[in-house]
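Spelled out from the first residue to the last, the chains are:
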Amino acid sequence: MRNRLKLGALLLALLLLCTACATDYERRGDTSSTLYIGEVASSFPTSYMPWFSRDGVAPTISSMVYSTLLSYDEATDTYDPLLVKEWAYLDRAGNPLLTEDGKVDYDRLEKEYSVKGTSCIPIRFVLDENATWSDGEKVTVKDIYFTFDLAANQKLSNHAGALAWVNDLLHKYDTNTGKLRRQGIYTYDTGANEKGYPISEEEKDTVFYFEVNKVLGAITPLVSTVLVLPEHIYADLISFDCPINNTDPTPELAYAYQHPVGCGPWTLDREKTNGQEIVLNRRDNYHIKDENGGPLYKVDTLKFVLYQEINVAIYALKKGHIDVLDSSIAANYARLFEKEEDVFVASAPGLFTQCLVLNVNVPADQSTPARQQLKNPELRRAIALAIDQQALIDFVLDGNGQVAPAGLVLEGDLFAPDADIYAAPAEERLAEANRIMDTLYPEKDAAGYRLDQGKRLSYEILANPGMQDTVSYLQVLFQKIGVEVRYAASGNSPETTYLYGGNFDMTLQGVSLTPANVDIMFNSHFSNLNRSSNYGRLKNVEINKGIAAMRSTLNRNTKYDLVKNLEKMIALEYYKLPLYCQDVTSAARTDHFTGWVVEDGSNAFNMTSLSQLVKVEGR
Amino acid sequence: MNKGYVIKRILYTLFIFLIVTTLNFFIPRIGVDDPAERYYPPQGNMSDVEYNIIKDLTRKQYGFDVSTWQQYLRYLNNLLHGDLGTSLQAGSPKVVDLIADRLPWTLVLSVTNMFISVLFGMLYGTYAAWHRGKWADKLLMNASTVTTALPAFFLALLFSLYMGFEWEWFPAYTDPSLVSSFDWSLEAIGRVAKNAALPIIAMSIGGIVSYAQSTRNSVIAVSNEDYVVTARAKGLGTKTVMYKHVLRNALLPIVTSLGMSVSGLIGGAVVIEQIFNWNGMGTLFLTANNTNDYPLMMGIMLFLSGVALLGNLITDLCYSLLDPRVTVGGGRR
Amino acid sequence: MKGALSLIVKIWKHPQGRVGLLIAGVLVFCAIFAPLIAPYDPYDVTARAEKGLSPSWQHPLGTTISTGQDIFSMLIYGARVSLMVGLITGILTALIGAVMGICAGYVGGLCDTLVMRVVDVMLVIPTLPLTIVLTNLFGKSYFMIIFIFVIFGWTGLARVIRAQVLVLKNSNYVKAAELSGAGRWHIMMRHILPGVSHLLIMNTALSSAGIMVAEAGLSFLGLGDPTAISWGKMLADAQSGGALLFGHWWWIVAPGIGIFLSVFSFMRIGLALEEIFNPRMKRAGAMHRLFRTLNNTYIQKVFAEMDEAEREEAREAAKEKGGAAV
């Protein structure tokens, strides 16, 4: 027996020796044009149906493998061609509403369609005839019709269409019966000519028409967020019994999900992709090239590597196992890379404003005395004045952030300077806040907190554990006006547990209002009452009217003015109080690839970087 | 072995399993008005009428459109067909598939840990028992106190820090491509061994000391039994006495411990796996928790309970094999 | 009260018990007087220092990388959570385990079967995953953790007590009390309970030790109250704050030593109690094994050891009847 035990021990020692001959990490030996990207996520998707993918790395991968019709450039407010090479609004006679230099003629658009009797705006699109799918088939209007038709048909898509925002496309199905009520997509084969939208025989595969709602914001989500699906793959696989959003798909449909065929610049390398790595290969027959006719993106292969934890990913970056981290890192990690020559760390201003959201309109079944007090706008104003954004930035973020305006829209075309209603110095604001509080709640208890009918004014701020420091500093700030706040853990799904039902005092929320999303986001944050981002259930008739007017106006300048007006109105509501706008710090290695570009709100891994990276020879 | 006893034990195990299944079904439903709440997509720009239709479709998709009792029956029916549910992850993988993917990796750690712990534990324990009172024994007693008081994950963190990050003897965290690039080649096995070394060392230190202690005590206790004294009095050599009589009987409590630790095999390594980023059942459960993937979480819980029950059953049956007094005379209860 | 004091004196006289008592005393002192002892208040957001400092005279254990809190102060405050969770759980487990064990053992019959079946179900459900699920559903707090520990912890003790009660049931003075017409409740309170009290006290000390280790593990996974400072949570913060990356070993070693000291002291006290109550160490054969094999799966081990004790009992009984198995 002892001999057997000794034998076991020997075997073990042998195995330990084996460990010595294991090879080194993959990255160092790989000199091909492959970019290793670190992703911090809990898991990688196993299927790539683009409409379901909302979390983690899936939207990034989907947007690279699939394509939308156009891409919206926020800085210039223009739409760049992707699948569609030309497009134009049409007037009632069918002529394009374009200025001499080919831009959208918003003035004539407004004049044409402000007239009574017009129910929709037609838009004419021309597909790029060189656009192809990754299996070689050409992209035709059949795919467009199939995609948008499916998105509008809730029954066939099993509400996957709800995830593709096609509300403003006037192509409607009856959700109960699945029958087409109103057609809004016109191609050569589906009655375009009969409806009065001319398409000739040669153009039948590339020209199509949409009829959209008479709002300026109709087009942005349609053309820049809906990923186009291949009709030749999915049309036969989908039926009412086997809708596209399916937890139990047929084997053929499951195969289609796992082997995505897209028309974007990259294809998924199915063999090399698995639960820990996603490999994308550049498509050489992608129809868009750079200025010199060469490939738009300079890297041949992208390899996404999964890490469960940010520290592990940072370590991997430091050791050279990956080239770039697709995630922002805390600013104090910059110290780690000080001695590393090949690592480039950059900070860029962020685009998300962290806000303190007050429950301004608590539903009856969640009402508490504390929450009732929040209905008083004067109290909210005092709370808003007590927030010292610069102190928060210096203290919690170590200076790595920007002050955010009260109107919540950052610098740009839509920024309204007069919406920034509390831009006075901190001491003045604090004095004003205390003045207000003195008229509302003059009594204080022994600790200096104000009393409302004998009870201390006390609120819980619902936030995830990472925001504890922010809440602690808010405690200090609010103590100065005599209001007590405490941290409350939000749990894993705060929205369904507390927020949608209105069961909270205050919470922290990140808000991003940009020209691309004003149509949807204003509604979502300040108007919708049902399971939307309007956690505090703000119900302001003026604001709702303002949002409706903003959405429906066809005059661009009026729209911008209305947005600025809205900003002022929401600032005066003292509902979502800005705390700070955190900078994004990111890191990338320069030993294999150089030319990293960091844009506002993004980390080093973004599409602009990808199109400008240069491979360092020999490494 | 008494046939009646075996059948009784098996029936009893099934009964307990049914209770556990029922608990498993009801726990996520406690205090929740609408269990489908978590599955609804956001309303976005939809009208209320449209949104209600979407909610109905969602309920139908996830099986919440029937009564709770019917859902329960459906759940039991699925279990009989080996379906533990469907995860909420993108692509809706089946829970059993996810478990099957990760289970071997957890077993790599746990089984190797158990093997090393038992092996070295027994070696050391018998040595200490045989040289009672000398330095080996004293060291064992002190080590026992220390390893009980020091949590295993603390040791794991220290090892990770020094042997992994600072001195780089072993990889500080698991190579993400370990699972996918595994192809049964010697090189791949070596890489697995290299990555698994730190977690196993961290886990097995406590295990070795624990088994050593049990073995030592058992050996000493049994050595004082009449039959051993008799054997020695009869003049049998030390070695024979040792291995033929003492060790075999001292094995009984070890067997019990082993059996009990079967369920710990899988559930116990959660923290260690998280520290080293090892892709096993532990990290699967933690990610399910972070993403509120209730079908996956409850599926894993049921699986672990089932394994524990099976472990108990097998231990009992083995025990009754090894020690006939259990069924014949003494009885268990 | 006098009994308690004399017990403490006896523990003090025992060499190992003295060590345990000293360390436990220091920890309790730290827990109660934390605001006085700690140089900085870790809850005070305005008194933060620079992030990620190495140990120095101003900060004996440096500061955390993520928030700039003084680690030494956090260490002192951390004692509160560990001791509180350990002691409360230990006492509650003892109470419930005692009640269940005595009822099952003395009353017997249906009560016994019911309790034992419940114990069986409890033992099968894996505790760590269940804790994770319940904190997910009902919120993360130490109350939930104590609740789960108590719900699962009483089972082991109940079995042990039940075994002891079965023995006591047949003792002369209990039989005499029954014959003289004393009520069940009276017998359980006056005769049985004192008989198992030693077991209870010892178990409270030992299981508190085991609970502290388990609580550290749960706090490490983030299942405790996020605003509280506990040693397990400090280890978790160290890991997620990048102590491993930056090489700040002091942030990891300090809470670990805290956990070690708290568990060690209670184990020593338990060992001293064991030797005080059982100077002959005859029945303590099983107790010894109980003590020595405490680790993270201690509940299952207790079960195994107690079964071993029963078997030993059966063996002795069989021997008495005249049959010896080899």
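Bear in mind the structure is a predicted one, so any value in this text is a computation, not a measurement.

**A few points about the overall build of chain A**
Consideration 1: Broken down by element type, chain A carries 21 helices and 25 strands.
Consideration 2: Taking 619 residues into account, the globule formula puts the C-alpha radius of gyration at 25 Å, and chain A, at 28 Å, falls close to it.
Consideration 3: When its C-alpha atoms are laid out on the principal axes, chain A stretches across 95 × 80 × 50 Å.
Consideration 4: Put simply, chain A has 619 residues, and 56% of those count as buried.
Consideration 5: In chain A, 68% of the contacts between residues at least 6 apart in sequence involve partners at least 24 apart.
Consideration 6: Accessible surface for chain A amounts to roughly 25,700 Å². Of this, 49% is attributable to carbon and sulfur atoms.
Consideration 7: Here chain A contributes 59 positively and 82 negatively charged side chains, and the mean placements of these two sets differ by 5 Å.

**Considerations on the overall build of chain B**
Consideration 1: Counting its regular elements, chain B contains 13 helices and zero strands.
Consideration 2: Evaluated residue by residue, chain B yields a buried proportion of 56% over its 333 residues.
Consideration 3: Sequence-distant contacts, at least 24 apart, represent 70% of the contacts inside chain B between residues at least 6 apart.
Consideration 4: Total accessible area computed for chain B in this model is approximately 14,400 Å², and 63% of it derives from carbon and sulfur atoms.

**Focus: unusual backbone geometry**
Consideration 1: Positive phi values are uncommon outside glycine, yet A:Leu408 reaches one of about 70 degrees.
Consideration 2: Within the secondary structure, A:Leu408 sits in the loop between strand E16 (401-402) and helix H15 (426-440).
Consideration 3: The exposure class of A:Leu408 is buried, given its relative accessible area of 2%.
Consideration 4: Backbone geometry places B:Glu168, a non-glycine residue, at a positive phi of 55 degrees.
Consideration 5: Tracing the backbone shows B:Glu168 in the loop between helix H6 (152-166) and helix H7 (186-223).

**Concerning the sheet that holds strand E20 (residues 484-489) of chain A**
Residue and element names in this part refer to chain A.
Consideration 1: Taken together, the six strands give an open sheet; going across it, the order is E16-E22-E15-E21-E19-E20, and neighbouring strands pair in mixed fashion. Either end of the sheet is taken by a strand with one partner, and the two such strands are E16 and E20.
Consideration 2: Pairing of strand E19 (residues 458-463) with strand E21 (residues 506-511) involves two bridges; the strand directions are parallel. When the sheet's bridge partners are listed, Ile461 is paired in E21 with Met506.

**Focus: a nonpolar patch on the surface**
All names here are of chain C.
Consideration 1: Side chains of Met84, Leu87, Ile88, Ile91, Leu92, Leu95 and Ile96 sit close together on the surface and give an oily, nonpolar patch of about 550 Å² of accessible area.
Consideration 2: Mapped onto the secondary structure, Met84 falls in helix H4 (residues 71-107).
Consideration 3: Accessibility expressed as a relative area gives 41% for Met84, which makes it partly exposed.

**Some details on the pattern of salt bridges**
Residues and elements named next belong to chain A.
Consideration 1: Under the definition given, this model contains 31 salt bridges over all chains.
Consideration 2: Residue Arg108 pairs with Asp105 through a salt bridge whose shortest N-O separation is 3.1 Å.
Consideration 3: With its nearest N and O atoms 3.4 Å apart, the salt bridge here joins Arg380 to Glu573. With a gap of 193 residues between them, Arg380 in helix H13 (residues 377-386) and Glu573 in helix H20 (residues 556-573) connect regions that are remote in the sequence. Grouping residues by exposure puts Arg380 and Glu573 together as buried.
Consideration 4: Bridged by salt links that share partners, the residues Asp168, Asp519, Arg551 and Lys559 form one connected network.

**Focus on the packing of helix H19 (residues 541-552) of chain A against H20(A)**
Residues and elements named next belong to chain A.
Consideration 1: Two numbers describe how H19 lies on H20: the axes approach to 9 Å, and their chain directions differ by 160 degrees. Relative to H20, the element H19 is oriented roughly antiparallel. Read as a crossing pair, H19 and H20 show a hand that is left-handed. For the pair formed by H19 and H20, the contact residues are Glu542, Ile543, Gly546, Ile547, Ala549 and Met550 on the first element and Lys559, Leu562, Val563, Leu566, Met569, Ile570 and Glu573 on the second.
Consideration 2: Among the residues making up the contact of H19 with H20, the classes are represented as nine nonpolar, one polar and three charged.

**Some words on helix H18 (residues 518-526) of chain A**
Residues and elements named next belong to chain A.
Consideration 1: Of all nine residues in H18, eight are buried, a share of seventy percent or more.
Consideration 2: Looking only at H18, the buried set comprises Val518, Asp519, Ile520, Phe522, Asn523, Ser524, His525 and Phe526.
Consideration 3: The inward-facing, buried residues of H18 abut helix H8 (219-225), E21, H19, H20 and strand E22 (576-582).

**Some thoughts on the interface of chain A and chain C**
Consideration 1: Facing 19 residues of chain A, the contacting portion of chain C comprises 19 residues.
Consideration 2: Both sides of the chain A and chain C interface together cover about 1,700 Å² of buried area, and 56% of this is carbon and sulfur.
Consideration 3: Where chain A touches chain C, the interface holds one salt bridge.
Consideration 4: C:Lys51 serves as the salt-bridge partner of A:Asp398, at 3.2 Å between the closest nitrogen and oxygen.
Consideration 5: Where chain A touches chain C, the interface holds seven residue pairs in polar contact (both at pLDDT 80 or more).
Consideration 6: Elements with a contribution of two residues or more to the side of chain A that touches chain C: helix H11 (310-319), helix H14 (389-396), helix H16 (468-479) and E20 of chain A.
Consideration 7: The residue makeup of the side of chain A that touches chain C, split by class, is ten nonpolar, five polar and four charged.

**Details of the side chain of C:Gln69**
All names here are of chain C.
Consideration 1: With respect to the helices, strands and loops of the structure, Gln69 is situated in the loop between helix H3 (34-37) and H4.
Consideration 2: Taking the relative accessible area as the measure of exposure, Gln69 reaches 13% and is therefore buried.
Consideration 3: Of note is the side chain of Gln69, whose polar atom sits 2.9 Å from the side chain of Thr67.

**Here we look at helix H6 (residues 127-138) of chain C**
Residues and elements named next belong to chain C.
Consideration 1: Here H6 spans 16 Å end to end across twelve residues, near enough to the 16 Å set by a 1.5 Å rise per residue.
Consideration 2: With ten of its twelve residues buried, H6 lies for the most part within the structure.
Consideration 3: Turning to H6, its buried residues number three or more, namely Leu128, Pro129, Leu130, Thr131, Ile132, Val133, Leu134, Thr135, Asn136 and Leu137.
Consideration 4: One or two steps after H6, the chain reaches Gly139, where phi turns positive at roughly 95 degrees.

**Quick word on the domain arrangement of chain A**
Consideration 1: Once the domains are mapped, chain A shows domain 1 (2-44 + 275-349 + 584-615), domain 2 (66-234) and domain 3 (353-582).
Consideration 2: When each unit is reduced to the centre of its C-alpha atoms, the spacing between domain 1 of chain A and domain 3 of chain A is 39 Å.

**Remarks on the packing of aromatic side chains**
Consideration 1: Summed over all chains, the structure comprises 34 aromatic pairs over all chains.
Consideration 2: With centroids separated by 6.1 Å and ring planes inclined at 65 degrees, the aromatic side chains of B:Trp105 and B:Trp278 adopt a geometry described as edge-to-face. With B:Trp105 in helix H4 (residues 95-130) and B:Trp278 in the loop between helix H10 (270-276) and helix H11 (281-290), the pair connects residues that are 173 residues apart, well separated along the chain.
Consideration 3: With a relative accessible area of 1%, B:Trp278 lands in the buried category.
Consideration 4: Geometry around A:Phe526 places A:Lys576 over its ring, the cationic atom sitting 5.5 Å from the centre.
Consideration 5: Stacked on the ring of A:Phe593, the Lys or Arg A:Lys615 has its end atom at 5.5 Å from the ring centre.

**Details of the packing of helix H10 (residues 231-241) of chain C against helix H12 (residues 249-277) of chain C**
Residues and elements named next belong to chain C.
Consideration 1: The N-to-C vectors of H10 and H12 enclose an angle of 160 degrees; their axes lie 9 Å apart at closest approach. Considered as vectors, H10 and H12 are oriented roughly antiparallel to each other. In terms of crossing hand, the pair formed by H10 and H12 is left-handed. Within the contact between the two elements, H10 uses Trp231, Met234, Leu235, Asp237 and Ala238 and H12 uses Trp251, Ile252, Pro255, Gly258, Ile259 and Ser262.
Consideration 2: Across the contact of H10 with H12, the residue classes tally to eight nonpolar, two polar and one charged.

Calculation criteria
Residues numbered from 1 in each chain as written. Chains lettered and ligands numbered in written order. Predicted model: local features only at pLDDT ≥ 70, side-chain atom pairs only at ≥ 80, totals over all residues. Heavy atoms only, no water. Helix = DSSP H or I, 4+ residues; strand = E, 2+ residues; numbered from the N terminus. Rg over C-alpha atoms; globule rule 2.2 N^0.38 Å. Buried < 20%, exposed > 50% of the residue type's maximum accessible area, 1.4 Å probe, protein only. Contact = heavy atoms within 4.5 Å. Areas by Shrake-Rupley, 256 points an atom, 1.4 Å probe, with all protein chains shown as cover. Lys, Arg positive; Asp, Glu negative; His and termini not counted. Charge placed at Lys NZ, Arg CZ, Asp CG, Glu CD. Pairing = 2+ DSSP bridges. Patch = residues over 30% accessible without salt bridge, like charges linked within 9 Å, V, L, I, M, F, W, Y side chains within 5 Å. Salt bridge = Lys/Arg side-chain N within 4 Å of Asp/Glu carboxyl O. Axes fitted to C-alpha atoms, helices over the stretch in contact; angles between N-to-C directions. Parallel < 35°, antiparallel > 145°, perpendicular 65-115°, else oblique. Left-handed = near helix turned anticlockwise from the far one by under 90°. Nonpolar A, V, L, I, M, F, W, Y, C, P; charged D, E, K, R; others polar. Buried area = accessible area lost by both parts, 1.4 Å probe. Polar contact = N/O pair within 3.5 Å; in protein donor to acceptor, adjacent residues only side chain to side chain. Expected span 1.5 Å × (residues − 1). Domains from an automatic or database assignment. Phe/Tyr/Trp six-rings, centres within 6.5 Å; stacked < 30°, edge-to-face > 60°. Lys NZ or Arg CZ within 6 Å of the ring centre and 35° of its normal.

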